[in-house]
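So the chains spell out like this:
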Amino acid sequence: MTVKYIDLRSDTVTLPTKEMREAIYNAQVGDDVYGEDPTVNRLEEMAAEIMGKEAALFVTSGTQGNQISVMTHTQPGDEIILEEKCHIITYEVGGIGRLAGVQAKLIRGKNGIMDPSDIEAAIRGEDIHFPKTKLICLENTHNRAGGTVIPMDILKRTYEVAKKHKIPIHMDGARIFNAATYLNQPVKEIAKYADSIMFCLSKGLCAPVGSLIVGSKDFIARARKFRKMLGGGMRQAGFLAAAGIIALEKMTSRLREDHENARLLAEGLSEIPGIAIDMDTVQTNIVICDISGLKLTASEFAAKLYEKGIRVNGGNSSVVRFVTHYWIKRDDIEAAIEAVKSLCKA
Ligand code: TLP
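Please read these numbers as outputs of a predicted model, since none were measured by experiment. (Residues numbered from 1 in each chain as written. Predicted model: local features only at pLDDT ≥ 70, side-chain atom pairs only at ≥ 80, totals over all residues. Heavy atoms only, no water.)

### Details of the sheet that holds strand β2 (residues 55-59)
Judged by pairing direction, the sheet is mixed, and its seven strands sit side by side in the order β2-β8-β7-β6-β5-β3-β4 without closing on themselves. The sheet is open, and its two edges are formed by β2 and β4 (103-107), each paired on a single side. Direction aside, the axes of adjacent strands within the sheet are offset by 20° on average. Two elements, strand β3 (residues 79-83) and strand β5 (residues 133-139), share three bridges in a ladder whose sense is parallel. Within β5, the residue paired with Glu79 across the bridge is Thr133. (Pairing = 2+ DSSP bridges. Helix = DSSP H or I, 4+ residues; strand = E, 2+ residues; numbered from the N terminus. Axes fitted to C-alpha atoms, helices over the stretch in contact; angles between N-to-C directions.)

Structure (structure tokens):
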């Protein structure tokens, strides 16, 4: 018998929908390294169009997309500006140092959002001792801050700073459609304030594999070579792109449901003594809880919750993350709140 867990560890656990499985089965494919996979080509055209950019590149993962983007924007020895808890710094295995050979200038954001004046102050002037500031990286939504969205006025001001200093912006938009949903804006409106954007098909949009980078034609042509270098030339990748097309056509307009479920979950959990949630950060599909009041580590909490059929991510800290997605329904949220309540009582 298989046990059904309510899996709130991440939206990366989403399985493809039936329509995606059918599209994968029926996909027309070719060798994408020769540029001959019609389904990949179609996905890349769609992605560029949706984001309002000249071109797009299908990559294996969000991590690969971010790393290729940093490599394409910079030269070894350059400095790039990032928020201190962003994914590129926290979860990409130090890739920017190893692969791009760049140095990171970290800025502390408020709920993951950097103040444009802090960014401007971090840009290096001309001095024989200094590296050149060659890139500003933004994360929208910000994962570790709880899925927070960069407000449009801050995004515009950041872009103005970047243009003034002739520095490009790369946006880690792994969950950019969640940001667009929260802001009630077409995703293009956000994308226009970044020179390159990476976004994921395999998170809330449910595709099994893959992300896209979008940007100018020249940027994407150069990025394509780095993708090959990193082993990301995937040949008959149309089988994966086929699911990605469904993700873009069908899955972006339903994210509000995930946000409502996250809010419901956060409201329920925040009433439990020992659990603290900054409700201002609950904007999209991520809920970050501070469980230090429970005298358990996050991994102990996660293990106890697992026994009750609920999966969450925990580590050595006292921070537990819950992520809602397509396969989580309202009933699952209610069950998760009940499970946490009974765990805390015990
Ligand atoms: N995030 C994953 C883990 O790597 C932490 C998750 O479960 O949330 N940017 C952002 C903002 C992300 O949250 C992620 C994945 C990535 C990039 C990388 O995407 P993948 O997993 O496709 O390499």
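### Here's the deal with the sheet that holds strand β9 (residues 286-290)
The three strands lie next to each other as β9-β12-β11, forming an open sheet whose pairing is antiparallel. Each edge of the open sheet is held by one strand with a lone partner, namely β9 and β11 (313-314). In terms of strand pairing, β9 meets strand β12 (residues 319-323) through five bridges, oriented antiparallel. From the neighbouring strand, Cys289 faces β12, where its bridge partner is Val320. Across the sheet, helix α12 (residues 255-270) is in contact with β9 and β12; its angle to β9 comes to roughly 15°. Seen against the sheet, helix α13 (residues 298-307) touches β11 and β12 and runs at an angle of roughly 45° to β12. (Contact = heavy atoms within 4.5 Å.)

### Quick word on the nonpolar core
Within the largest apolar cluster, 57 residues are counted, with the highest numbers of intra-cluster contacts made by Leu138, Ile176, Phe177, Phe199, Leu201 and Leu248. Examining the composition of this core, we find that eight residues originate from one element, helix α11 (residues 238-251), more than from any other. Sequence-distant contacts of Leu201, defined by excluding residues within four places in its chain, comprise Leu43, Phe58, Cys206, Ala207, Gly210, Ser211, Leu212, Gly244, Ala247 and Leu248. Leu8, Val287, Leu294 and Leu296 belong to the second-largest nonpolar core, a separate cluster that totals 30 residues. (Core = buried A, V, L, I, M, F, W, Y, C linked by side-chain atoms within 4.5 Å. Buried < 20%, exposed > 50% of the residue type's maximum accessible area, 1.4 Å probe, protein only.)

### Considering the confidence of the model for the chain
For the chain, mean pLDDT is 97; residues scoring 70 or higher make up 99% of the total. At the level of individual helices and strands, the chain shows its lowest average pLDDT in β11, which scores 86, and its highest in strand β6 (residues 169-172), which scores 99. (pLDDT = per-residue confidence, 0-100.)

### Here we look at the packing of aromatic side chains
Enumeration according to the criterion identifies four aromatic pairs in this entry. Ring geometry for Tyr159 and Tyr193: centres 5.6 Å apart, planes at 80°, overall edge-to-face. Placement of the pair is Tyr159 in helix α7 (residues 152-164) and Tyr193 in the loop between α9 (187-191) and β7 (196-200), with a sequence separation of 34 residues. Judged by its relative accessible area of 21%, Tyr159 falls in the partly exposed class. For Arg311, the ring lying beneath its charged end belongs to Tyr5, and the centroid distance is 5.8 Å. (Phe/Tyr/Trp six-rings, centres within 6.5 Å; stacked < 30°, edge-to-face > 60°. Lys NZ or Arg CZ within 6 Å of the ring centre and 35° of its normal.)

### Points about α12
Under the 1.5 Å per step criterion, the end-to-end length of α12 is 23 Å for 16 residues, consistent within 8% with the ideal 22 Å. For α12, the secondary structure elements touched by its buried residues are α8 (176-183), α11, β9, β12 and α14 (330-345). (Expected span 1.5 Å × (residues − 1).)

### Observations concerning the site of the ligand
Taken together, 17 residues are adjacent to the ligand, and Ser10, Gly62, Thr63, Asp172 and Arg321 come closest. Between an oxygen atom of the ligand and a main-chain N or O atom of Gly62, the distance comes to 2.8 Å. Here an oxygen atom of the ligand sits 2.8 Å away from a polar atom, N or O, in the side chain of His87. Residues of the shell around the ligand, tallied by class, amount to three nonpolar, eight polar and six charged. (Near = heavy atom within 4 Å. Polar contact = N/O pair within 3.5 Å; in protein donor to acceptor, adjacent residues only side chain to side chain. Nonpolar A, V, L, I, M, F, W, Y, C, P; charged D, E, K, R; others polar.)

### So, the domain arrangement of the chain
The domains assigned to the chain are domain 1 (6-13 + 254-345) and domain 2 (18-251). Placing the centre of domain 1 and that of domain 2 at their C-alpha centroids yields a distance of 27 Å. Summed over both partners, the interface of domain 1 with domain 2 comes to about 1,700 Å²; 51% of that surface belongs to carbon and sulfur atoms. Ranking the residues of domain 1 by area buried against domain 2 places Asp11, Leu255 and Gln283 at the top, with a combined share of 32%. Where domain 1 touches domain 2, the interface holds one salt bridge. Here Asp11 ties to Arg175 by a salt bridge, and the two come within 2.8 Å at their closest N and O atoms. (Domains from an automatic or database assignment. Buried area = accessible area lost by both parts, 1.4 Å probe. Salt bridge = Lys/Arg side-chain N within 4 Å of Asp/Glu carboxyl O.)

### Here we look at the pairing of β5
Along a regular strand, successive side chains alternate from one face of the sheet to the other. Burial of β5 is extensive: six of the seven residues sit out of reach of the surface. Where β5 and β6 come together, four bridges link them in parallel fashion. Looking at β6, one finds that Ile136 is bridged to Ile169.

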